[in-house]
Amino acid sequence: MWHRKATDLFLLAILLLAAPAAVAADLAGSTRWSGEVKLTEPVNVPPGATLTIMAGTRVVAQSPEAFITVAGKLLVEGTPAAPVVFDTPAGWRGLQFVEGETGSHIRHARFARAASAISTIATDFTVANTEFHGCEFAIKLEREANPVIENSWFVDNGIGIANEMKSGPSIRNNRFSGHTKAAILASHASRGPITGNRFVENQQGIALIQRYEGLLADNQFSANETAIFCNQTQNTPRIERNRFEDNRVAVMNVSFAYPVIVNNQFLNNGTALHNDQYGSPLVEHNLFRGNGKALYNYRKSNPQVRLNRFESNELALYCDFSSYPEVKQNNFIGNAMGLKLGIYQSADWEKRSGSKALMQREASARQSQNPLLAKVPTEFNDLVDVSGNWWGKETALLAAAGEKGNVAIFHDRHDQPEVSYEKEGYGPGSYRLDRIQFAPWLNEAVPGAGPADKP
C-alpha cells in the first residue's frame, strides 16, 4: 500500500512539473518565466517590477484579453536557437507598454495573429531579431514612443509598424513583405530614420501622412504596389540612396508633397515618380532606367528635376493638367519617348476657363481647410521648358528639326494642335495644347548626372 501511494505521488509530481504555469495578475519585484506559461487573464508589470522571459519560453494566452501591460520593465531573452514564442489566439491584444521604464527589450521572439502584437505609449525599448506574422498591427506606436526596431521580420500583417502622435522610432535593417495596407504607416507629427530595410510585395511600403522629419535611406523596394506614398508631407522627408525595382509605383507624391529625392536608383518600375495635386519634389542625382514612365506630373505638379540620368525608359517625362516642371542639366539616353503632354496640358484653357473655380468647388465639397491651397499657381505659360539638357543620340533629331520644329521624341501641339473638354464639363470650345521648348540643348553629356552614391 505504501509503495503504491509513493508511486502515485511521484507521478503526480511529474504531471505538475510538466503542466504550464499559471501566473498572477499583478507581478511584483523580479519575475522570471520559463518553460510554458499560461495566461488566463491580463497580467500587469507595474512600475518598479521587472518581468524576464527566458529563452525557449512559450507564452500561451487563453483568450485575446489575456494581454500583458508593462509600466515597469520587460526583458524578452530569446536566442536564435531558442526563441520566445507567444502562442496566442487571433485578435490577441499583445504587449502593451504604458509610460514604462526605460531599458525594456524584446529579442528573438515570435508573434502571430495579434490585434497589436506590441503597442506603446511614451515608452522607449528595443525590438530585435523578432518575427511578426499575420497581425492586424505588428507594432503600434500610439504616442511619443522612440523605440529601436531592428533586424526583424514582418510578414503578411495588415500594418507592420504604425508610427503615430509624435513618435520617433529608429527602424533599421528589417524585412517587410506581404502587408495588405502598409509596411510602415506614419502620421501626426511622427518622425525618425528608416534605413537599411527591405520591402517586398506590400500594398504600400512606407505611407507618410503629413510632415515626416526623417531620413529614408539605403532601403530596397521590390514588387510593391506603391513603394513610398507621401501625402501633404510638404518638403519632407529626405529620400536618399534607395533602390526601387519592379514596383508598380516607386514614389507617389500627392497634395503638396515635395520631398527631397536624391541619389536613388529607379529600375523597371511601372511608374518611378508619380506626382499629383501639387506634388512637386526636388529630384536630383537619380538614375531612372527601364521604367514605363520615369516622371509623371499631373494637376499642377512642378518638380525641380536636375542632374539625373534617364535611360531606356518607355516615357521619360509626362506633364498634364497644368504641370510645369523645371528640368535642367539632365542626361536623356535611349528613351522611347522623351516628353509627352497630356490632353489637359493647356495654358489656353487655364486662361479662358481656368481650373481655379473647379478647385474651389472641389475644396468646398470636401470641406477642405488646407492652408496650402493659397499657394496654388493661377498664371501659366503655354510651354513646358526642357531646354538645357542632353538627349544622347536623339540630339541629332533636335538639330535637324531646328528650334521650333517637330521632334519624334516629343508630343505637344505639333502633334495635337487643339483639345476639347466639353464632354468632361470643363467648358465649351477648343483649346490649344501647350508646346515643348527644347532649345537650346546641350551637345554633350552633363558630367556628374546620376547617383553620386550607389544605393
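How each quantity is defined
- Residues numbered from 1 in each chain as written.
- Predicted model: local features only at pLDDT ≥ 70, side-chain atom pairs only at ≥ 80, totals over all residues.
- Heavy atoms only, no water.
- Pairing = 2+ DSSP bridges.
- Helix = DSSP H or I, 4+ residues; strand = E, 2+ residues; numbered from the N terminus.
- pLDDT = per-residue confidence, 0-100.
- Contact = heavy atoms within 4.5 Å.
- Phe/Tyr/Trp six-rings, centres within 6.5 Å; stacked < 30°, edge-to-face > 60°.
- Buried < 20%, exposed > 50% of the residue type's maximum accessible area, 1.4 Å probe, protein only.
- Polar contact = N/O pair within 3.5 Å; in protein donor to acceptor, adjacent residues only side chain to side chain.
- Core = buried A, V, L, I, M, F, W, Y, C linked by side-chain atoms within 4.5 Å.

Another point: the pairing of strand 25 (residues 204-209). Remember that side chains alternate between the two faces of the sheet whenever the strand is regular. Taken together, the 3 bridges between strand 22 (residues 182-186) and strand 25 define a ladder with parallel strand orientation. Bridge pairing in strand 25 places Ala186 opposite Leu208.

In the predicted model, the protein chain carries a mean pLDDT of 91, and 88% of its residues have values of at least 70. Contacts from residues 1-20, a stretch scored under 50 in pLDDT, to residues over four places away or in other chains number 2 contacts.

In this structure the tally under the stated criterion is 26 aromatic pairs. Ring geometry for Trp349 and Tyr421: centres 5.8 Å apart, planes at 90°, overall edge-to-face. Separated by 72 residues along the polypeptide, Trp349 in helix 2 (residues 347-352) and Tyr421 in the loop between strand 46 (418-420) and strand 47 (430-432) bring together distant segments of the chain. Among the residues examined, Trp349 registers a relative accessible area of 1% and is labelled buried.

Locating Ser280 in the fold gives a position in the loop between strand 34 (271-276) and strand 35 (282-284). Take Ser280: its relative accessible area is 18%, and that puts it in the buried class. A distance of 2.8 Å separates the side chain of Ser280 from the backbone nitrogen of Asn302, its partner in a polar contact. Once you skip the residues sitting within four places of it in the chain, Ser280 turns out to touch Ala257, Tyr258, Lys300, Ser301, Asn302 and Pro303.

One finds Trp33, Phe86, Leu95, Phe111 and Ile118 to be the most contacted residues of the largest nonpolar core, which totals 101 residues. Per element, the largest residue contribution to this core is 5 residues, and it comes from strand 40 (residues 315-320). Ala182, Ala207, Val249 and Val254 belong to the second largest nonpolar core, which has 6 residues in total.

Looking now at unusual backbone geometry. With an omega dihedral of -10°, the bond running from Thr236 to Pro237 counts as a cis peptide bond. Counting through the fold element by element, Pro237 comes out in the loop between strand 28 (226-231) and strand 29 (238-240). Of note, the amide linkage connecting Ala439 to Pro440 takes the cis form, showing an omega dihedral of -5°. Relative to the helices and strands, Pro440 is located in the segment after strand 48 (435-437). The residue Arg241 is not glycine, and still its phi comes out positive at about 55°. Arg241 sits in the partly exposed class, given a relative accessible area of 21%.

We now examine the environment of Gln62. Tracing the backbone through its elements, the reader meets Gln62 in the loop between strand 6 (58-61) and strand 7 (68-70). Residue Gln62 is classed as partly exposed on the basis of its relative accessible area, which comes to 47%. Counting along the chain gives 27 residues from Gln62 to Pro89, while the straight-line C-alpha distance between them is 7.3 Å. Residues in contact with Gln62, not counting those within four places in the same chain, are Lys38, Leu39 and Thr40.

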